Structure formats: C-alpha cells, structure tokens
Amino acid sequence: MQIYKVGGAVRDRLLGRAVEDIDYVVVGATPEQMQAQGFRPVGADFPVFLHPKTGAEYALARTERKSGVGYGGFTFHTDPSVTLEEDLIRRDLTINAMAEDAHGTLVDPYGGQRDLAARVLRHVSPAFAEDPLRVLRVARFAARFAPLGFRIAEETLQLMRALAESGELQALTAERVWKETSRALMEERPDVYFRTLHSCGALRVLLPEVEQLFGVPQPEKHHPEIDTGEHVMQVVEQSAVLNLPLAARWAALLHDLGKGTTPPSEWPRHIAHEVRGLKLVKQVNARFKVPRDCQDLALLVCELHTHCHRAFELRGETLLKLFQKLDLSRRADRLESFVGACEADSRGRNELGKRPYPQADYLRGAAQAYLAVSAQPLLEQGLEGAELGKALQAERLQALNAYKAAHSISE
Ligand SMILES: Nc1ccn([C@@H]2O[C@H](COP(=O)(O)OP(=O)(O)OP(=O)(O)O)[C@@H](O)[C@H]2O)c(=O)n1
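What you see is a predicted model; the values in this text were computed from it and never measured.

### Considerations on the UniProt feature "binding site: Mg(2+)" (unreviewed entry) in the chain
Here is step 1 of the chain: Sites flagged by UniProt as "binding site: Mg(2+)" (unreviewed entry) map to D21 and D23. Restricting the annotated residues just mentioned to those that line the largest pocket leaves D21 and D23.
Here is step 2 of the chain: Relative to the assigned elements, D21 resides in the loop between helix 1 (8-15) and strand 2 (23-27).
Here is step 3 of the chain: With residues near it in sequence (within four places) discarded, D23 still touches Y4, K5, V6 and E57.

Here it is in structure tokens:
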C-alpha cells in the first residue's frame, strides 16, 4: 500500500500557513489490511480509519457515485485498484486535490499549484456536484483566503449557481449547514462567505431572511451605504475586525432582519424593525439548530441594538431594563458580546463607520455600576423574596442614575 498526505495539509504547507490536522489517503489496501495493521475503522460503511497512535485520518482511495439526494445519499466505491488520480479527481477544489508522498514529492494532476499561484478557487471536475455542501465550502474558503487575493473561477461560480437552483441545498442537514456557517463566521472575511452565497443564489435558499435585505434602502444620513444587505455585510466584516466571538458575529448577521419586512411604502424608514426582526431571528435559529448562546445573543442584539446606539439618551430606568434583559447579574460575560455586535453595527456604514463609538465604554461603565450593587446589606437587613428583589432594583436604579449624572458632569 502507498500512503499520501492529501487535502488541506498539502495546500496549507504550500501557502506557508500553519498545518492543523493532516489527512492521509491510502492506495492499494483493503479494509482488512488496514485493520490488520491496527487502524481503527471510523464507521461500519465508511472507508476511513484512525491511526492507532496519532488518531490521524487515513481514508482508502475511493470513487463516489451519487445514489440519492442529501447527506447519506452516497455509495462509496473503494477497492485496492482505485488510483490516487481517481481519488483526487472527485475532490472539491484543485487546491485541495494535491497529494504528497512520504518523500515530500508532490502529486498534482489537476493544476492545484497553478491555481494556488493564480489565487483561484476552481472545482476539479463535474464530480463537484456530488456533494452540494461544497457550495458552502467554496464560499468558506473564499472568506478565509480573500485577504490573500483569492477569487472563485467563473466556471465554478456557474456550477454553484446550478446547484443552488437544483433544489439540492434544501436537503442539507441543519448540522452541516451550521458547521460550515459557524466556521465561515470565524474566518478573516466572514462577509465574503455570505456575499458569495448571495451571488450564486444559495443565500436565497439557505437564509431568505438575509437575502431579502438586499435592495431594501435605509436613510442615507445614517447609512451612506443605503442598501440594507450591503450594510449587514459590512457589519459582519466589522465583527471580524473587532475579533468578536462567534455568538456576536451571528448576532451581527441577524440584527437587522426586521428591515426586510418593512412595507416599501415606509422606506427608507424602518419603524420598529427591532421587534419585527425577532420572529425572523427565531425562525433562522431554529432552522439551523443554532447553539443556545448564539440564539440568545442574536435575539438580544436584534431587539436592543438601537438602545446601545442611544446609550447616552437612555434614562436610568431604561438602562436598568436593558441590563435586566441581558440578565447581566448572572451573565456578566454577555455584555462584551452585546456591545461588540452593536459597535460592529455602527462601523458597518462606509466612511461614517469610522466615527468613534463612545457608547461602548459608556455602557461598560454603567454595567459596572449596576453590578457593583450588592444584595448583602439588604439581606442583612432581613429582606427576602419579592421585597428583596424590589429593594435591589431600587438600589441599582440609584446607582445608574448616579453614574449618569457623574458622566454628564464630566462631559
Ligand atoms: N465536501 C468535501 C469535503 C472534503 N473534501 C476533500 O477532503 C479534504 C479534507 O477535508 P476537510 O478536512 O474538511 O478540509 P480541509 O481542506 O482540510 O480544510 P480545513 O482547513 O477547512 O479543515 C479536502 O481538502 C478536500 O480534498 C471534498 O472534496 N469535499
């Protein structure tokens, strides 16, 4: 049997990037031979094995034929006569379809090096269409490699368009879509993922609530970019510039969904879009079985982002309600993500986005004042239950009013 490194490890080495995990392909072996050498099979029907010591993945060279729609709709053909070239041709992109033998010799039958040098994401062959998830993968690689100047080949975009139109994307499981999307959100240019999906027609299928923001105008005074879809893309981009965690990036993507349901007669204003957005955010969260912390933050940012922008105008009572909604006394960690997503929103507006955002520090200070109020003295006075709750809120309100007063004096 011959063993080769394949895929991301080869690509990343050639790009001079850190190699995280190494995948291997094995040519000329049977499952029985692999097991005899101590490799552990990953699943009953899947020709992938784990190395007994390193845990690295070793896949038998295989060809795939489609047998049905969706995940699990594959049959694998694997036998010792499948060649390395036959295995590589069914992979997604030329830059992912290179292999390297134990001596470091590169096997590159489909122009991976050429495309790396030219900064092109190009599919290897029509076998690309065997797995519709690849539409999302290409968009994710575009998001990752955009800072290096990569673009998607025109013929690959056409194939992605055809797949988006074929209805196959609907069959992708929630888990697979969320995995790609959450990984893409953590890339350097997450907006490029959504821009790519928008341009090939996949956003319409996967996230129609975001798709419908394109073409919706906002008032030029606050939004020189005008188009709501463009605004949201810039906000998502800024969420990465600010190095925000996943939940805040997800919230950045969904914060303005309500603007997609404003009657055109009201454009470019979007009265109560924060509340109108909530139903749509819930809908998207449920569709992709999004983790709880991401779900909750997206709802909070959707409902309350304008509060954050208007922080200086908020009365003590409103600040109190805001912090209660954020459940700050139990979830103090949430403040940074909330404020971060709101700052990304403020920055995602062309040149106007370069304005400072003093609201962030103001709210941080107010939150400190709120959290500094301790229940201990009240407990010592013998208060309990609803009475204790009421007294605690009164003290918090006092602290917030004092903070507000001190802040306006110092201004
Ligand atoms: N739907 C898929 C998934 C994977 N692959 C192939 O399997 C390799 C390994 O897949 P994976 O580990 O998911 O991706 P990497 O390329 O290693 O990228 P990443 O750095 O994102 O892990 C890819 O390079 C590609 O050759 C593919 O062709 N189609």
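Read on for the rest.
### Quick notes on the sheet that holds strand 1 (residues 2-6)
Here is step 1 of the chain: Strands sit in the order 3-4-5-2-1-8-9 across an open sheet of seven strands; the sheet is mixed. Two strands close off the open sheet at either side, each with one partner strand: strand 3 (40-41) and strand 9 (106-107).
Here is step 2 of the chain: Bridge count between strand 4 (residues 48-50) and strand 5 (residues 57-60): three bridges; the pairing is antiparallel. Directly across from V48, in strand 5, lies its bridge partner A59.
Here is step 3 of the chain: Set on the sheet, helix 1 makes contact with strand 1, strand 8 (99-100) and strand 9; between it and strand 1 the angle comes to about 55°.

### Details of the pattern of salt bridges
Here is step 1 of the chain: Scanning the model with the defined rule gives 30 salt bridges in all.
Here is step 2 of the chain: Taking the shortest distance from any N to any O, the salt bridge between D345 and R349 comes out at 3.2 Å. Taken individually, D345 and R349 each receive the classification buried, so the pair is uniform in this respect.
Here is step 3 of the chain: Linked through salt bridges whose partners overlap, the residues forming this network are R189, D191, R195, E230 and E237.

### So, the UniProt feature "binding site: CTP" (unreviewed entry) in the chain
Here is step 1 of the chain: As annotated by UniProt and renumbered to match this structure, "binding site: CTP" (unreviewed entry) occupies G8, R11, R91, R137 and R140. The subset of the named residues that lines the largest pocket consists of G8, R11, R91, R137 and R140.
Here is step 2 of the chain: Turning to its location among the elements, R11 is positioned in helix 1.
Here is step 3 of the chain: When sequence neighbours within four positions are dropped, the list of residues in contact with R11 reads I95, N96, M98, L116, F141, R144 and F145.
Here is step 4 of the chain: On the secondary structure map, R137 appears in helix 5 (residues 133-145).
Here is step 5 of the chain: Classification of R137 by relative accessible area gives partly exposed; the value is 24%.
Here is step 6 of the chain: Not counting chain neighbours up to four residues away, the residues in contact with R137 comprise D92, N96 and E180.

### Examining the pairing of strand 1
Here is step 1 of the chain: Taken together, the five bridges between strand 1 and strand 2 define a ladder with antiparallel strand orientation. In the strand pairing of strand 2, I3 is matched with V26.
Here is step 2 of the chain: Pairing of strand 1 with strand 8 involves two bridges; the strand directions are antiparallel. Bridging across to strand 8, K5 finds its partner in E100.

### Section: the side chain of Q234
Here is step 1 of the chain: Looking at where Q234 falls in the secondary structure, it is placed in helix 11 (residues 228-241).
Here is step 2 of the chain: At a separation of 2.7 Å, a polar atom in the side chain of Q234 contacts the side chain of N350.
Here is step 3 of the chain: Residues in contact with Q234, not counting those within four places in the same chain, are R195, E225, G348, R349 and N350.

What counts and what doesn't
- Residues numbered from 1 in each chain as written.
- Predicted model: local features only at pLDDT ≥ 70, side-chain atom pairs only at ≥ 80, totals over all residues.
- Heavy atoms only, no water.
- UniProt positions renumbered as here; feature names shortened; annotations may be inferred.
- 1 Å grid on protein atoms, 1.4 Å probe; cavity = no way out; pocket = protein on both sides within 12 Å on 5 of 7 lines; lining within 4 Å.
- Helix = DSSP H or I, 4+ residues; strand = E, 2+ residues; numbered from the N terminus.
- Contact = heavy atoms within 4.5 Å.
- Pairing = 2+ DSSP bridges.
- Axes fitted to C-alpha atoms, helices over the stretch in contact; angles between N-to-C directions.
- Salt bridge = Lys/Arg side-chain N within 4 Å of Asp/Glu carboxyl O.
- Buried < 20%, exposed > 50% of the residue type's maximum accessible area, 1.4 Å probe, protein only.
- Polar contact = N/O pair within 3.5 Å; in protein donor to acceptor, adjacent residues only side chain to side chain.

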